[in-house]
Amino acid sequence: MIRPDKVIACNMQTNVLTAECAEGFIQIVPYGENILHFIYSTETPVYGSAIKQDSEKTYGWGIEAEPDRDVCPVFLEEDGRVSWKLPELAVTLQKENTCIRFLDKTGKELLSLTDCSLDPAVVSGEDTFHVNAVFTSSAQESYYGLGQHQDGKLDLGGREQILWHDYSHKGGEIVAVPFLVTNKSYGIIYDNPSRTKVSPGINGQTQWWSEVGEAVSFFLIYAEETDEIYQGFRKLCGRTPMPPRRGLGFIQCKQRYASQQELLEVAGQYREKGYPCDIFVVDWFHWKVLGDLSLDPDFWPDSAQMNQKLEEMGYETMISCWPRFMKESNNYSFLEKNGWFMKDEAGNTVYGTPGDQRGALIDTTNPECGKWYFQTIKENYGELGYKYWWTDEDEPDISPHESFLYAGTGARVHNIYPLTHTRCIYEGHRNAFEHRCLTLSRAAYLGAQKYGTTFWSSDIFPEWDVLKRQIPTALNFCASGMPYWSSDIGGWQALPDEDTKEDYSSLLLETSSMGTGKVTKKNYTELYIRWFQFGVFCPTFRTHGTRKNNEVWSYGEEAEKILVKYLRLRYRLMPYIYSLAYQVSRTGAPFMRALWMDFPERECTHIEDEFMFGPALLIAPVSEQGAVSREVYLPEGTGWYNFWTGEKIEGGRYLTVNAPVDTIPVFVKEGSILPMGEVLPNSGEAQREIEICVYPGKDGRFYLYSDDGTTYAYEKGEYALTRLDWKEETKQLIMEEENTWHGQPERTMTVTVIS
């Protein structure tokens, strides 16, 4: 076991602190006034420039930032202690035992690194190390983020968390994003893509362990305000681009539309009924052979004509692009010849798993392979009018752990596949098309948020407990720097009696509230409605599932009325939601937010079934079968308005709220400005009739954003930004245009003050 033990010599060159230790070297590098990078390794320090990612290094994947040369730390060495101070963040290093304390600008300790070590090991034939780091944890510290864990707990502290992608994990897929945020004003990016375990807040410690690496490497971000932590994440890992406006509208999907005729019929019904919708999804098995990356002409004879008809109706399409290639497919021989599949230790292609022989995995960690992959998607799908991409199985589903990729051993780079996979899609799309990229990805890693991505919680079951667990799952995933997420509304797996002749539409809604037993077709409608209500207030709004029919009219007339009510509400809220997307692009902070992110009181650190949807709306989904009310906590320090009734209630209290099956409890924070628009058939065009709803009680501010909704012209300043200020003292709303663009449509704005 190699440890630094003690500091022999210490110096600062430019602004990098380097400590030569009894064994190895420590370097601390500024990436901003409140961000530092810590590295401990046995190698001679080379940190004069940013460490680049390559197949020889474990660290750097997903990090795009360079060290900040303009920050000037204050360096002092005296009495056996070294101090290194940034304007917002400081470090003290005890030379005798290399204990490192991290302090805020006032000198208050955030945490300490009490141990870091490298344990020599041989993994996948490589001489390497197991990597360990141990930090202190403080009383009443809570932990969030770390990607996607579906155990139903918001606070990740007090138990071990595994950090590797695992499709088959009990309770739901795990997605590893090694970004841990606490309620103590800091976040840690743990810079290692191998299989990792972290145990936050156990016996006064937080311990990280990684299977493969040559260094202990992490980034520490400190900020008094939560959103400033995410600005640091954005600086390190990249900006989240604006999604196409349609990507925030309703995405209609099921497992599966079997032909273009079926899809056109469903789209025609949406159009005829006047129900808003934006994107229809063509799921798997649209191919003849998995790996063809093309459509079966027997069922999809003219996709170009189909997509033209859909666009005339106001809709666009997304298509599923799998990374698996069967030997019988059109592309297998070409890929095998180029060596572009994942390999075993003998250099042979890994062909599926013993239980799943559906093809070999394409190795998009190889940039040349990635270019070919998207070029083929472009030619076979994009040129037929498909606009958006669904990258299923990109954990990948075939575990790379025992295998070998272009970027390194599967053990070394276990978690990077969704990063390189979504990158090749995004970069290829940007070069090929003018419209914005939207990729629905099943897994993520640091940096994947900058590639036009949204994510979902995989193939979950249609059960009440699963719905309940989706709420903290979403909040932690979004807290991991990945702002766009959804679940399969209604659950993906089939109901146990899906093959029966029972017809949802023949059932009365009230039959669904009888008991809490197994969900069947007879009582499923209630679950679907409650899940749909939750989905309206997720960043991405998408229905999916293994049901013969899965449209909003599929569950009976009573259910249809309720579902359409919420479908239209989503579109009414589009000016608000699209403006939140602008703030995500600007700051990196998510708009689906656990309460602790905005309300520092202790009570909010553990509430896992409520959340903020932007700065204005508090959402309290109903996730209990048969419930007609639920308890809601309203945070202290502000008043709250019941969205449905307008009643004002003071915060800092629990209350029981009526929640019949057609109502999800929603509250609006006082001082909020909530822009809403008319309901349009789709989001292809911006709304022109904007109602500015003001909820008085405090001063408020909101930035109303608009652009063409389709292209990247906003990156060149072609967008409209209006600052809205509510002055409580004078009861006036002041509007000021901060940016305009030549294509800005005329809008009519009316102001409604809620009383």
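Calculation criteria
Throughout, residues of each chain are indexed from 1 in the direction in which the sequence is written. At least 70 in pLDDT is required for a residue's local features to be given in this predicted model, at least 80 for side-chain atom pairs to be given and counted, and no such filter applies to totals for whole chains, interfaces and linings, which use all residues. Only hydrogens and water are set aside when side-chain values are computed; all heavy atoms of the structure are taken into account. By this definition, two strands are paired if DSSP reports at least two bridges between them. Secondary structure elements are defined from DSSP: runs of H or I of at least 4 residues count as helices, runs of E of at least 2 residues count as strands, and each element is numbered from the N terminus. In this analysis, axes come from line fits to C-alpha atoms, helices being fitted only over the stretch in contact, and the angle between any two N-to-C directions falls in the range 0 to 180 degrees. By definition in these notes, contact holds between two residues if any of their heavy atoms fall within 4.5 Å. One less than the residue count of a helix, multiplied by 1.5 Å, gives the span that helix is expected to have. Each residue is assigned to one of three classes by its accessible area relative to the maximum for its type, calculated with a 1.4 Å probe on protein chains only: buried under 20%, partly exposed between the two thresholds, exposed over 50%. The way it works is a 1 Å grid over only the protein atoms, where trapped points that fit a 1.4 Å probe form a cavity and open points with protein on both sides within 12 Å along at least five of seven lines form a pocket, and then any residue with an atom within 4 Å of a point lines it. Grid points are joined across faces, edges and corners, and a volume is the space filled by probe spheres set on the points. Each residue gets one label: Ala, Val, Leu, Ile, Met, Phe, Trp, Tyr, Cys and Pro are nonpolar, Asp, Glu, Lys and Arg are charged, and the others, such as Gly, are polar. Take a side-chain nitrogen of Lys or Arg and a carboxyl oxygen of Asp or Glu: if they are within 4 Å of each other, that pair is a salt bridge.

Asks: Explanation requested: the pairing of strand β16 (residues 205-213) in the structure shown.
Replies: Look at any regular strand and the pattern is simple: side chains alternate between the two faces of the sheet. As defined by bridge partners, strand β10 (residues 126-136) adjoins β16 across seven bridges and the pair is classed as antiparallel. Considered in β16, the bridge of Phe 129 is made with Gly 213. Here strand β15 (residues 196-202) folds back onto β16 in antiparallel fashion, the turn holding two residues, of which Asn 203 has a positive phi close to 55°.

Asks: Just to check I follow, could you spell out the sheet that holds strand β43 (residues 732-739) for this structure?
Replies: Strand pairs in the sheet, formed through backbone hydrogen bonds, run parallel or antiparallel to each other. Overall, antiparallel pairing links the three strands, which are arranged β41-β42-β43 in an open sheet. Here the strands that pair on one side only, and so sit at the sheet edges, are β41 (700-706) and β43. Neighbour to neighbour, the strand axes of the sheet diverge by 20° on average, direction disregarded. With respect to the sheet, helix α10 (residues 574-587) is in contact with β41 and β42 (720-727), its orientation differing from that of β41 by roughly 90°.

Asks: Just checking my understanding: could you explain helix α9 (residues 557-572) for this structure?
Replies: Because each turn of an α-helix spans 3.6 residues, side chains separated by three or four positions in sequence point in the same direction. In a regular helix each residue adds 1.5 Å, so 16 residues correspond to 22 Å; α9 covers 22 Å between its end C-alpha atoms and thus fits that length. Burial in α9 covers these residues: Ala 559, Glu 560, Ile 562, Leu 563, Val 564, Tyr 566, Leu 567, Leu 569, Arg 570 and Tyr 571.

Asks: Even after reading the chapter, I still don't get the layout of surface pockets, so can you show me in this structure?
Replies: Quantified by volume, the largest pocket comes out at close to 1200 Å³. Lining the largest pocket we find 47 residues, and of these Asp 227, Arg 593, Asp 598, Pro 615 and Lys 669 sit closest to its centre. Of the residues that constitute the lining of the largest pocket, the class distribution is 17 nonpolar, 14 polar and 16 charged.

Asks: Help me out: how do you make sense of the sheet that holds strand β12 (residues 161-163) in this one?
Replies: With respect to topology, nine strands assemble into an open sheet ordered β5-β6-β7-β8-β9-β10-β16-β15-β12, the strand pairing being antiparallel. Bordering the open sheet on either side are β5 (74-78) and β12, each of which pairs with just one other strand. Within this sheet the neighbouring strands show an average axis-to-axis angle of 20°, counted without direction. One ladder, built from four bridges, connects strand β8 (residues 100-104) with strand β9 (residues 109-123); its direction is antiparallel. Counterpart to Ile 100 in the pairing with β9 is Leu 113.

Asks: What is the right way to read the pattern of salt bridges from this model?
Replies: Where charged atoms of side chains with opposite charge meet at close range, the side chains can pair. The final tally for this structure, using the stated rule, is 44 salt bridges. Residues Asp 356 and Arg 324 are paired through a salt bridge, measuring 3.1 Å at the closest nitrogen-oxygen approach. With a gap of 32 residues between them, Asp 356 in strand β23 (residues 356-361) and Arg 324 in strand β21 (residues 324-325) connect regions that are remote in the sequence. Of the charged contacts, one joins Glu 610 and Arg 630 as a salt bridge, the two residues approaching to 3.8 Å between their closest N and O atoms. On the criterion of sequence distance, the pair formed by Glu 610 in the loop between β31 (592-593) and β32 (611-613) and Arg 630 in strand β34 (residues 629-634) is long-range, its members being 20 residues apart. You'll find Glu 610 and Arg 630 in the same group, each marked buried. Three or more residues are tied together by salt bridges with common partners; here these are Glu 173, Asp 392, Glu 395, Asp 397, Arg 442 and Asp 459.

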